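Residue-level listing of the chains:
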Amino acid sequence: EAAVTQSPRNKVTVTGGNVTLSCRQTNSHNYMYWYRQDTGHGLRLIHYSYGAGNLQIGDVPDGYKATRTTQEDFFLLLELASPSQTSLYFCASSAQDTQYFGPGTRLLVL
Amino acid sequence: QQQVRQSPQSLTVWEGETAILNCSYEDSTFNYFPWYQQFPGEGPALLISIRSVSDKKEDGRFTIFFNKREKKLSLHITDSQPGDSATYFCAATYQGGRALIFGTGTTVSVSP
């Protein structure tokens, strides 16, 4: 049974649109992360959190908000989506060093 | 500025050969280096990792060689199998840190 799930798996929106990506983990991990994956850039950290109500800024945070509502749930918000945010988004969780990734959400901004 | 660099971008080897993937980093405070393996359509998964107090870590056919002085490491995949065809990411962080910095990845293709 998958311990990190993401929804939706695919999303198409228009420029200026409002998008929320959801992530849930059942690992009982304190840490959760949002990454984007782009060819030539690998995985880049957007935001992360070490518990409900906590938010830490990652390496590429511009244009993204995030909220950790519970230990299990971490959301990524794009309030004014732009074509540059077309990407593959991964959520991950960790207790110590090992991060466990979800299956990803592919987002297309037209 | 890419703090973790990987080369080559892609690599093709024959079944049974050894694939060598290279990684280098900038920050001398980094002391934990995991390698993640990613198959198409899936999220990355931890393959093997090493801490800077060691210079070698082996797990089956996968071996990390670490050179702290040169800030370089490499992943060797011996007796490569078609099932090893995937993208491999080198990552780094420092003790107490949880956020990983990933390289750009090396895509390995193993031909039977």
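Rules of the game
- Residues numbered from 1 in each chain as written.
- Chains lettered and ligands numbered in written order.
- Predicted model: local features only at pLDDT ≥ 70, side-chain atom pairs only at ≥ 80, totals over all residues.
- Heavy atoms only, no water.
- Helix = DSSP H or I, 4+ residues; strand = E, 2+ residues; numbered from the N terminus.
- Rg over C-alpha atoms; globule rule 2.2 N^0.38 Å.
- Buried < 20%, exposed > 50% of the residue type's maximum accessible area, 1.4 Å probe, protein only.
- Contact = heavy atoms within 4.5 Å.
- Areas by Shrake-Rupley, 256 points an atom, 1.4 Å probe, with all protein chains shown as cover.
- Lys, Arg positive; Asp, Glu negative; His and termini not counted.
- Charge placed at Lys NZ, Arg CZ, Asp CG, Glu CD.
- Pairing = 2+ DSSP bridges.
- Axes fitted to C-alpha atoms, helices over the stretch in contact; angles between N-to-C directions.
- Patch = residues over 30% accessible without salt bridge, like charges linked within 9 Å, V, L, I, M, F, W, Y side chains within 5 Å.
- Salt bridge = Lys/Arg side-chain N within 4 Å of Asp/Glu carboxyl O.
- Core = buried A, V, L, I, M, F, W, Y, C linked by side-chain atoms within 4.5 Å.

Some thoughts on the overall build of chain A
Along the backbone of chain A there are zero helices and eleven strands. The order of helices and strands in chain A, counted from the N terminus, is β-β-β-β-β-β-β-β-β-β-β. Relative to a compact globule of 110 residues, whose C-alpha radius of gyration would be 13 Å, chain A shows 13 Å and is just as compact. Expressed along its principal axes, the backbone C-alpha trace of chain A runs to roughly 35 × 25 × 25 Å. For chain A, buried positions account for 49% of its 110 residues. Across chain A, contacts joining residues at least 24 apart in sequence account for 53% of those joining residues at least 6 apart. With an accessible surface of roughly 5100 Å², chain A has 50% of that area assigned to carbon and sulfur atoms. Positive and negative side-chain charges in chain A, numbering 8 and 8 respectively, have mean positions lying 7 Å apart.

Concerning the sheet that holds strand S8 (residues 73-78) of chain A
All names here are of chain A. Here four strands make up an open sheet; going across it, the order is S1-S3-S8-S7 and the pairing antiparallel. Strand pairing shows two members of the sheet lacking a second neighbour, strand S1 (4-7) and strand S7 (65-68), which therefore form its edges. Across the sheet, the mean angle from the axis of one strand to that of its neighbour is 15°, orientation sign disregarded. Here strand S3 (residues 19-25) pairs with S8 via six bridges, running antiparallel. In the strand pairing of S8, Leu 21 is matched with Leu 76.

Overview of a nonpolar patch on the surface
Residues and elements named next belong to chain A. A contiguous nonpolar surface patch, about 370 Å² in accessible area, is contributed by Val 12, Val 14, Leu 108 and Leu 110. For Val 14, the location among the structural elements is in the loop between strand S2 (10-13) and S3. When its relative accessible area of 52% is taken as the criterion, Val 14 is described as exposed.

Focus on the sheet that holds strand S6 (residues 56-59) of chain B
Residue and element names in this part refer to chain B. Read across the open sheet, the five strands follow the order S1-S3-S8-S7-S6; overall the sheet is antiparallel. Lying at the two open borders of the sheet, with one neighbouring strand each, are strand S1 (4-7) and S6. Averaged over all pairs of adjacent strands, the angle between their axes in this sheet comes to 15°, without regard to strand direction. Both S1 and strand S3 (residues 19-25) contribute to a ladder of four bridges, which runs antiparallel. When the bridges of S3 are listed, Arg 5 appears paired with Ser 24.

Here we look at the pairing of strand S5 (residues 45-51) of chain B
Residue and element names in this part refer to chain B. Both strand S4 (residues 32-38) and S5 contribute to a ladder of six bridges, which runs antiparallel. Of the residues in S5, the one forming a bridge with Trp 35 is Ile 48. Linking S4 to S5, which pair antiparallel, is a turn of six residues; within it Gly 41 sits at a positive phi near 80°.

Thoughts on the nonpolar core
Counting residues in each nonpolar core, the largest one holds 26 residues, and the members touching the most others are Val 4, Leu 21, Phe 33, Trp 35, Leu 73, Leu 75 and Tyr 88 of chain B. If you list the elements that add at least two residues to this core, you get strand S2 (10-14), S3, S4, S5, strand S7 (62-67), strand S8 (72-77), strand S9 (86-92) and strand S11 (106-111) of chain B. Ignoring any residue separated from it by four or fewer positions in sequence, one finds Leu 75 of chain B in contact with Ala 19, Ile 20, Leu 21, Trp 35, Leu 47, Ile 48, Phe 62, Thr 63, Ile 64 and Tyr 88 of chain B. Ranked by size, the runner-up nonpolar core spans 17 residues in total, among them Val 4, Leu 21, Ala 81 and Leu 107 of chain A.

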